[in-house]
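Architecture at a glance
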Amino acid sequence: MILTGRAGLVALICILPIAVSGWPAKAFVALLLTLAIVVAVDAGLAASTRSLRYTRSPDSSTRLGQQVDAGLQVDNDGRRRFRGNIRDAWPPSAGATPRAHTVSVPAGAQHHIHTALHPVRRGDQRAAAVTARSIGPLGLAGRQSSRAVPGQVRVLPPFLSRKHLPSRLAKLREIDGLLPTLIRGQGTEFDSLREYVVGDDVRSIDWRATARRADVMVRTWRPERDRRVVIVLDTGRMAAGRVGVDPTASEPAGWPRLDWSMDAALLLAALASRAGDHVDFLAHDRVSRAGVFGASRTELLAQLVNAMAPLQPELVESDWRAVVAAIGRRNRRRSLVVLLTDLNATALDEGLLPVLPQLSARHHVMIAAVADPRVDEMAIGRSDAAAVYDAAAAERARNDRREIASRLRQSGVDVVDAAPTELAPALADRYLAMKATGRL
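Now for a quick tour of the structure.

About the cut-offs
Residues numbered from 1 in each chain as written. Predicted model: local features only at pLDDT ≥ 70, side-chain atom pairs only at ≥ 80, totals over all residues. Heavy atoms only, no water. Pairing = 2+ DSSP bridges. Helix = DSSP H or I, 4+ residues; strand = E, 2+ residues; numbered from the N terminus. Axes fitted to C-alpha atoms, helices over the stretch in contact; angles between N-to-C directions. Patch = residues over 30% accessible without salt bridge, like charges linked within 9 Å, V, L, I, M, F, W, Y side chains within 5 Å. Areas by Shrake-Rupley, 256 points an atom, 1.4 Å probe, with all protein chains shown as cover. Salt bridge = Lys/Arg side-chain N within 4 Å of Asp/Glu carboxyl O. Core = buried A, V, L, I, M, F, W, Y, C linked by side-chain atoms within 4.5 Å. Buried < 20%, exposed > 50% of the residue type's maximum accessible area, 1.4 Å probe, protein only. Contact = heavy atoms within 4.5 Å.

The next point concerns the sheet that holds strand 12 (residues 152-156). Pairing within the open sheet is mixed, and its three strands lie in the order 3-12-9. A strand with exactly one partner marks an edge of an open sheet, and here the two such strands are strand 3 (60-63) and strand 9 (123-126). Sheet twist, expressed as the average angle between the axes of neighbouring strands with direction ignored, equals 25°. Taken together, the four bridges between strand 9 and strand 12 define a ladder with antiparallel strand orientation. Bridge assignment links arginine 126 to a residue of strand 12, and that residue is glutamine 152.

Take the sheet that holds strand 2 (residues 52-56) next. Taken together, the four strands give an open sheet; going across it, the order is 2-4-8-6, and neighbouring strands pair in antiparallel fashion. Edge positions in the open sheet fall to strand 2 and strand 6 (96-97), since each of these has one partner strand only. Note: strand 4 (residues 68-76) against strand 8 (residues 110-117), eight bridges, orientation antiparallel. Residue pairing in the sheet places valine 68 in a bridge with leucine 117 of strand 8.

Moving on: a nonpolar patch on the surface. A cluster of nonpolar side chains, Leu9, Leu12, Ile13, Ile15 and Leu16, forms an exposed patch at the surface whose accessible area comes to about 510 Å². Looking at the nonpolar patch, the elements with two or more residues in it are helix 1 (5-13) and helix 2 (15-20). Ranked by residues supplied to the nonpolar patch, first place goes to helix 1 with three residues. Mapped onto the fold, leucine 16 is located in helix 2.

Counting 55 residues, the largest nonpolar core has Ile231, Leu233, Phe281, Leu311, Leu340, Leu427 and Tyr431 as its most contacted members. No other element matches the twelve residues that helix 6 (residues 257-274) contributes to this core. Beyond its immediate sequence surroundings of up to four residues, isoleucine 231 is in contact with Ala265, Leu268, Ala269, Val279, Asp280, Phe281, Leu282, Val338 and Leu340.

Honestly, it's all geometry; don't read function into it.
In structure tokens, the structure reads:
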């Protein structure tokens, strides 16, 4: 049994007759007994909350920053009209509104309630419980019970870099069809024959075709299709740091590095699949957390966002030997391997660099990292002594980052180091540059 605020108000009003009564003790006992009986009767007349049956709408999904409705059907299988409140409880990060629904459900009828969710975190949001509070006809007391009603909403990555896709696809069409090259590279394949014109490279002359046609013919080449791109997402501790500004909320804290890396991975995957390349995806720290292999072009993005949605950074050091072994088991052909991680000199020295020659000997390796713009802001601070010390620390961090990037490039690894919002287009541009020069 529960008491409402109205019961407290009635009890407060009862103080007045007690105060003016000649026998206050007897008046107190009489009023207390009367109020207790009335409250008990009111609670007894309230509809039973156990007679309610709940049916939740099917699990749904939404992108981070968008609203989704969580539907709940309430069936009153009891003999009395249910009057009261029903709360469909979700985690705080789901942003559920309203907090409770005031409903009146006749006996044998059903009622639909809708809770609007405004998620502020990516991942699986699971319903906690449904709490029903039935109020008696006098509004003094009632009954309350909670019941677990499983439900889930999957909050997908927002893919904000999608806005860069049309311009990159236009560049891809230029590279792929409008501008065939006369230079054969590692990532090119034969396109067509045409007549020689002044200025063409004589090495591109096809002498057999020239003999057959009685005219000088040259070969043209285009970026090769059906290449393999392996995107590896580091979900270790370095992916947990928050950088930039959260573009889907007004909070000052930015996204984790993991989310920015996901955004870049989605743009690269969309671009590579349009280019005719096969895209595989692996999320790994000490163990594999998710993977997408052999997906068709039409299903790739849907499978990627579903695989990425529940991922969270793990506060452990990534095992790069296990990552290299996992890539080797899945990809025996030479591929472009894109490692989305951080340029942390200490972590890479101990983890990635010792096994990098083993990976780069069989594949073309690219490392993409999210730079923290706050480090650049700290580096220019000179307002007081504390700011100078901060600037010195920031400058040292930047030097360490440049030094490890230089060592990686000397090892034959492409490095893309960009601010959070610039990483996705920068990585896409590097991919297109490799296509244009025949390196992929």
